[in-house]
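The lines below spell out each chain.
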Amino acid sequence: AVYFRDLENAEMNGLFVNKLYFLVVVSLGLLAASTASAGIVDFEDLQPATPYEGPGGGYYWNGADGTGGFTSGGVRFSNAYNTTYGNWEGWSYSNTTDTQTAGNTNQYSAFAGSNHSDRGTNYGVYFEPWSLVPTVTLQPGTNVLGAWITNTTYAALSMLNGDQFAKKFGGDSGNDEDWFLLTITGEDSLGTHRSVDFWLADYRFSDNTRDYIVDTWTWVDLTPLGDARELTFQLSSSDTNEWGMNTPAGFALDDLEVATVPEPATCVLLGTGGLLVGAILVRRRR
């Protein structure tokens, strides 16, 4: 709201108000054009084609076509597929819904039981590699805001019950202080790195009733990564041996939100509009 006091006459008032209204409208128009507009990468522009044979059915893509990754919503997700062993690392996408089957035959299901939103059925799945460093590459002029993340069924059931490779989190007593951590790191154009941690499971509480394994889609704020152009992901666990981590090294991601960054020229115009409004106010007060 703008309030006017002690204006000299109605004609001048009208002229002043019209000028100010015009400048405010122009400034707000520039602001609307330049304000970071959010976009959502929901993987619905992709069509997984390999059928899942387990409960619930569905389809997945794991890079067996040798393309080295995929692009969704203008964001690039890297992948590597080993044709000798038939395994993959990095990013895949899926719409499978199996929350019951333990083991690596069920690599593509989110433990939440479906994708995050009601816009479709797809979501992304990450598996930490032995070789490449998988990345998520943003388009120029965009910043990451955050994403919805959950465990895969493979990892969650392994932590919940243990398996032939990994321990049951908490141990038999429930008192073992186990944890499963995702670290997301962003690198900007100057090579600056910033990181955000998200606990996929945490059994370090003195009160065991507070121990948890993430089983729903959970929002992870990634704005601390600033103007990162590229994201990398690292998983770590309390359950390790000389060969590395025993906990299945995967998680699921959906509805990655990015924002368009205002162009510098637009910001200058917006600032100019604000200065003009201020100048008129100062002149009018005089």
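The following paragraphs examine the structure supplied in this document. What you see is a predicted model, and the numbers here were worked out from it, not measured in a lab.

About the cut-offs
Going along each chain's sequence as written, the residues are numbered from 1 onward. Thresholds applied to this predicted model are a pLDDT of at least 70 for local features of residues and 80 or more for the giving and counting of side-chain atom pairs; totals over whole chains, interfaces and linings are not thresholded and use all residues. Excluding hydrogens and water, the side-chain values take into account all heavy atoms of the structure. Buried residues of nine kinds, namely Ala, Val, Leu, Ile, Met, Phe, Trp, Tyr and Cys, make up a nonpolar core once their side-chain atoms join them within 4.5 Å. Between buried and exposed lies partly exposed: a residue is buried under 20% and exposed over 50% of the maximum accessible area for its type, with that area taken using a 1.4 Å probe on protein chains only. Under the DSSP-based scheme used, a helix requires at least four consecutive residues in state H or I and a strand at least two consecutive residues in state E, with every element numbered from the N terminus. Should any heavy atoms of two residues lie within 4.5 Å, those residues are considered in contact. Stacked, edge-to-face and tilted are the three classes for Phe, Tyr and Trp ring pairs, Trp counted by its six-membered ring, which pair at centre distances within 6.5 Å; planes under 30 degrees apart are stacked, over 60 edge-to-face, the rest tilted. For this analysis, a polar contact is any N or O atom pair within 3.5 Å, provided that within protein one partner can donate a hydrogen and the other can accept it, and provided that sequence-adjacent residues contribute only side-chain to side-chain pairs. Cavity: a set of points on a 1 Å grid over the protein atoms alone where a 1.4 Å probe fits but cannot get out. Pocket: an open set with protein on both sides within 12 Å along at least five of seven lines, its lining residues, like those of a cavity, having an atom within 4 Å of a point. Grid points are joined across faces, edges and corners, and a volume is the space filled by probe spheres set on the points. Each residue gets one of three labels, nonpolar for Ala, Val, Leu, Ile, Met, Phe, Trp, Tyr, Cys and Pro, charged for Asp, Glu, Lys and Arg, and polar for the others, Gly among them.

**With respect to the nonpolar core**
Point 1. Phe 77, Trp 91, Ile 149, Phe 233, Phe 251 and Leu 256 are the most contacted members of the largest nonpolar core, which totals 43 residues.
Point 2. Broken down by secondary-structure element, the contributors of at least two residues to this core are strand E5 (75-82), strand E6 (87-94), strand E9 (142-150), helix H2 (153-161), strand E10 (179-187), strand E11 (193-202), strand E14 (230-237) and strand E17 (250-260).
Point 3. Those residues in contact with Phe 233 that sit more than four places away from it in its chain are Trp 91, Tyr 126, Glu 128, Val 136, Leu 182, Thr 183, Ile 184 and Phe 251.
Point 4. Counting nine residues, the second largest nonpolar core, distinct from the first, contains Tyr 52, Tyr 60, Tyr 108 and Tyr 123.

**Examining the packing of aromatic side chains**
Point 1. In total, this model carries 21 aromatic pairs according to the counting rule given.
Point 2. The interplanar angle of 5° and the centroid separation of 5.2 Å between the aromatic rings of Trp 61 and Tyr 93 together place this pair among those described as stacked. Taken together, the residues span a long stretch of sequence, with Trp 61 in strand E3 (residues 59-61) and Tyr 93 in strand E6 at a distance of 32 residues. As far as burial versus exposure is concerned, Trp 61 and Tyr 93 are alike and both buried.
Point 3. With a centroid separation of 5.9 Å and an interplanar angle of 55°, the aromatic rings of Trp 88 and Phe 127 are classed as tilted.

**Quick look at the side chain of Asp 178**
Point 1. One can find Asp 178 in the loop between H2 and E10.
Point 2. A residue is classified by how much of its surface remains accessible, and Asp 178, at 5% relative accessible area, is buried.
Point 3. Within the structure, Asp 178 has its side chain in polar contact with the side chain of Ser 238 (distance 2.9 Å).
Point 4. If we skip the residues at most four places from it in the chain, Asp 178 touches Lys 167, Lys 168, Phe 169, Gly 170, Gly 171, Asp 202, Tyr 203, Arg 204 and Ser 238.

**Remarks on the environment of Thr 97**
Point 1. In this fold, Thr 97 is placed in the loop between E6 and strand E7 (123-127).
Point 2. Sequence spacing of Thr 97 and Ala 110 is 13 residues, and the spatial spacing of their C-alpha atoms is 6.7 Å.
Point 3. When residues no more than four places from it in sequence are discounted, the contact partners of Thr 97 are Gly 56, Gly 57, Ser 109, Gly 113 and Ser 114.

**Here's the deal with empty space enclosed by the protein**
A water-sized probe, rolled over the atoms, reveals where empty space remains.
Point 1. Inspection of every chain in the model, using the stated rule, returns one cavity of 30 Å³ or more.
Point 2. Here the largest cavity defines a volume of roughly 50 Å³.
Point 3. In terms of lining residues, the largest cavity is bounded by Trp 88, Gln 107, Val 125, Tyr 126, Phe 127, Thr 152, Tyr 154, Ala 155, Pro 248 and Gly 250.
Point 4. Residue assignment for the lining of the largest cavity shows that the elements contributing at least two residues are E7 and H2.
Point 5. In terms of residue count, E7 provides more of the lining of the largest cavity than any other element does, three residues in total.
Point 6. Residues belonging to the lining of the largest cavity are distributed by class as follows: seven nonpolar, three polar and no charged.

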